[in-house]
Amino acid sequence: MMTKKWSWLVFVILLLGLVVPILAQAEPAISTDQSVYPPGATVTVYGQGFKPGSVVDIGVFKPGDVEDKEQVETTEKGTFTYYYKNTDKLGEYGV
């Protein structure tokens, strides 16, 4: 009887070892190092929670409905850092 209990315990521990890392993965998120930039400044964009070694499409939306597109590859930890050289055009930008 004792071996059945141990078998179930080992099974549950192994199952948790497989399920918990999957549930613990963060949702993909991006952020910048500042919220406001002067004209000509370099914007640093950070990403985390992505699949390791994947390609992420980044779009920078500029005034006048113009979009600059770029691709970056994530690290083995699922993160990336991207640098965007801001133009001299004033207005609201989005990533």
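This one's a predicted model, so the numbers in the text were calculated from it and none came from an experiment.

A.B. asks: Got a minute to help me understand the overall build of the chain in this structure?
C.D. replies: The secondary structure content of the chain amounts to one helix and five strands. The linear arrangement of helices and strands in the chain, starting from the amino end, is α-β-β-β-β-β. Across the 95 residues in the chain, those meeting the buried criterion constitute 22%. If you take every contact in the chain between residues at least 6 apart in sequence, the share linking residues at least 24 apart comes to 48%. Accessible area for the chain stands at about 7500 Å²; split by element, carbon and sulfur atoms hold 61% of it.

A.B. asks: Honestly, the nonpolar core in this entry has me stumped. Any pointers?
C.D. replies: One broad trend across soluble globular proteins is that nonpolar side chains are buried collectively. Core analysis: the biggest nonpolar cluster contains 12 residues, these being Tyr37, Ala41, Val43, Val45, Phe50, Val56, Ile58, Val60, Val72, Phe80, Tyr82 and Tyr84. Of all elements in the fold, only strand S2 (42–48), strand S3 (55–62) and strand S5 (80–85) reach the threshold of two or more residues within this core.

A.B. asks: Can you help me understand the pairing of S2 in this one?
C.D. replies: Successive side chains on a regular strand alternate, one facing one side of the sheet and the next facing the other. In terms of strand pairing, strand S1 (residues 29–32) meets S2 through four bridges, oriented antiparallel. When the sheet's bridge partners are listed, Ile30 is paired in S2 with Gly47. Direction of pairing for S2 relative to S5: antiparallel, over a ladder of six bridges. By the bridge assignment, Gly47 is partnered in S5 with Phe80.

A.B. asks: Teacher, can you tell me more about the packing of aromatic side chains here?
C.D. replies: What characterises a pair of aromatic rings is the spacing of the ring centres plus the angle enclosed by the ring planes. Taken as a whole and judged by the stated rule, the model has one aromatic pair. For the pair Phe50 and Phe80, a centre-to-centre distance of 5.6 Å together with 55° between the ring planes defines the contact as tilted. Of this pair, Phe50 sits in the loop between S2 and S3 while Phe80 sits in strand S5, and the two are 30 residues apart along the sequence.

A.B. asks: Any chance you could explain the side chain of Thr74 here in plain terms?
C.D. replies: Examined against the element boundaries, Thr74 turns out to sit in the loop between strand S4 (66–73) and S5. We classify Thr74 as buried; its relative accessible area is 6%. Separated by 2.9 Å, the side chain of Thr74 and the backbone nitrogen of Gly53 make a polar contact. When residues no more than four places from it in sequence are discounted, the contact partners of Thr74 are Phe50, Lys51, Pro52, Gly53, Ser54, Val56, Thr79 and Phe80.

A.B. asks: Looking at this model, I keep getting lost on the environment of Pro52. Mind explaining?
C.D. replies: Relative to the helices and strands, Pro52 is located in the loop between S2 and S3. Given the relative accessible area of 45%, Pro52 is considered partly exposed. In the structure, Pro52 is positioned 27 residues away from Thr79 in sequence and 7.4 Å away in space, judged by C-alpha atoms. Among all residues touching Pro52, those that are not within four sequence positions of it are Thr74, Thr75, Glu76 and Gly78.

A.B. asks: Can you walk me through the environment of Glu76 in this structure?
C.D. replies: Along the chain, Glu76 falls in the loop between S4 and S5. Note on Glu76: relative accessible area 67%, which makes it exposed. As for Glu76 and Lys51, which are separated by 25 residues in sequence, their C-alpha atoms are 8.3 Å apart.

The rules behind these values
- Within each chain, residues carry numbers counting from 1 in the order of the written sequence.
- Residue-level local features of this predicted model are given only where pLDDT is at least 70; pairs of side-chain atoms are given and counted only at 80 or more, and the full residue set underlies all totals for whole chains, interfaces and linings.
- Computation of side-chain values: all heavy atoms of the structure, hydrogens and water removed.
- By the criteria applied, helices consist of DSSP H or I runs no shorter than four residues and strands consist of E runs no shorter than two, each listed in order from the N terminus.
- Exposure is judged per residue with a 1.4 Å probe applied to protein chains only, and the accessible area is read against the type maximum: over 50% gives exposed, under 20% gives buried, and values in between give partly exposed.
- Any two residues having at least one pair of non-hydrogen atoms within 4.5 Å are treated as being in contact.
- Accessibility throughout is a Shrake-Rupley quantity obtained with a 1.4 Å probe, and a residue counts as covered only by protein chains that appear here.
- Grouping buried Ala, Val, Leu, Ile, Met, Phe, Trp, Tyr and Cys residues that are joined through side-chain atoms within 4.5 Å yields what is termed a nonpolar core.
- A pair of strands is considered paired only if DSSP assigns at least 2 bridges between the two.
- In this scheme Phe, Tyr and Trp rings, the latter by its six-membered ring, pair at centre separations within 6.5 Å, and the angle between planes marks the pair as stacked below 30 degrees, edge-to-face above 60, and tilted otherwise.
- What qualifies as a polar contact is a pair of N or O atoms within 3.5 Å, subject to a donor-acceptor requirement within protein and to the restriction that residues adjacent in sequence count only when both atoms come from side chains.

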